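# Structure assessment
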Amino acid sequence: MRLNQYTVGDYTPGAPYWKQLLWYFVGSPLVESYWLPLSAFKIWILRIFGAKIGQGVRIKPGVRVKFPWRLNIGDFVWIGEDAWIDNVAPVTIQSHVCLSQGVYLCTGNHDWNHPDFKLISAPIHIQESSWIAARSVIGPGVTVGRGAVLTLGGVTGKSLEPMTIYAGNPAQPIKQRKL
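Residues numbered from 1 in each chain as written. Predicted model: local features only at pLDDT ≥ 70, side-chain atom pairs only at ≥ 80, totals over all residues. Heavy atoms only, no water.

### Side note on unusual backbone geometry
A cis amide bond links N169 with the next residue in sequence, P170, at an omega value of 0°. Within the fold, P170 resides in the loop between β18 (164-167) and β19 (172-176). One non-glycine residue, F76, adopts positive backbone phi at about 55°. Looking at the element boundaries, F76 is found in the loop between β4 (71-73) and β5 (78-79). Judged by its relative accessible area of 39%, F76 falls in the partly exposed class. In this structure, S129 is a non-glycine residue whose phi angle is positive, near 65°. Mapped onto the elements of the fold, S129 is located in the loop between β12 (124-126) and β13 (131-132). With relative accessibility at 16%, the residue S129 sits in the buried group. (Helix = DSSP H or I, 4+ residues; strand = E, 2+ residues; numbered from the N terminus. Buried < 20%, exposed > 50% of the residue type's maximum accessible area, 1.4 Å probe, protein only.)

### Remarks on the sheet that holds β13
Strand order in the open sheet formed by seven strands is β2-β5-β8-β13-β16-β18-β19, with mixed pairing between adjacent strands. This sheet does not close on itself; its edge strands, each paired only once, are β2 (58-59) and β19. Pairing of strand β8 (residues 98-99) with β13, which is carried by two bridges, proceeds in the parallel orientation. Counted as the bridge partner of L99 is I132 from β13. (Pairing = 2+ DSSP bridges.)

### A short note on the pattern of salt bridges
All chains considered together, the criterion is met by one salt bridge. Residues K66 and D86 are paired through a salt bridge, measuring 3.3 Å at the closest nitrogen-oxygen approach. Remark: D86 occurs in strand β6 (residues 84-86) and K66 occurs in the loop between β3 (64-65) and β4; sequence separation between them is 20 residues. Residue classification places K66 among the partly exposed positions, given a relative accessible area of 25%. Residue D86 is classed as buried on the basis of its relative accessible area, which comes to 9%. (Salt bridge = Lys/Arg side-chain N within 4 Å of Asp/Glu carboxyl O.)

### Re the sheet that holds β3
With parallel pairing, five strands are arranged side by side in an open sheet as β3-β6-β9-β14-β17. Bordering the open sheet on either side are β3 and β17 (155-156), each of which pairs with just one other strand.

### Description of the packing of aromatic side chains
What the rule picks out here adds up to four aromatic pairs. Where F41 meets W44, the ring centres are 5.9 Å apart and the plane angle is 35°; that geometry is what we call tilted. Of the two residues, F41 and W44 are both situated in helix α2 (residues 39-48); the distance of three residues between them amounts to about one turn of the helix. Since its relative accessible area comes to 29%, F41 is described here as partly exposed. Aromatic side chains F67 and W69 sit 5.1 Å apart centroid to centroid with 25° between the ring planes, which places their arrangement in the stacked category. Exposure remark for F67: the relative accessible area of 5% places this residue in the buried category. The side chain of R64 reaches across the aromatic face of W84, ending 3.9 Å from its centre. (Phe/Tyr/Trp six-rings, centres within 6.5 Å; stacked < 30°, edge-to-face > 60°. Lys NZ or Arg CZ within 6 Å of the ring centre and 35° of its normal.)

Structural data, given as structure tokens:
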């Protein structure tokens, strides 16, 4: 690959430059802060920057969001400490979802076969009542089906079927979930 020839192509962050700077220097540090543990304040900041967030959402300290204007969160969602929503493409988290500590949602990757290391981005959609356990990783273009579970440290680059428990790297189905 030739990194000196890298360009973002037609990709755009989706907000004017002034808004990006304001987010990086003011909004993001406030949302990520351990000194301000109140979810309501963090939600307020995220909404100011364009995130759509429902009621009863809990955001713990250390949570990182790349672009709040590409974030849509339903009702009664829990986001654990040090979760990272790396959303160069949209991320949708439906209601009653738990993202545990250290979860990484990655909507962008690079084409390792392209000579210029081309950026590839795709949205992530986590459907209602799913649980993404601590230190799990979800890659670009993944849909997590309703009620699915990705267990501790699981890694997936493929969509997960509803009401199924997945484990490992790469994540494999281990059994059906019963509610």
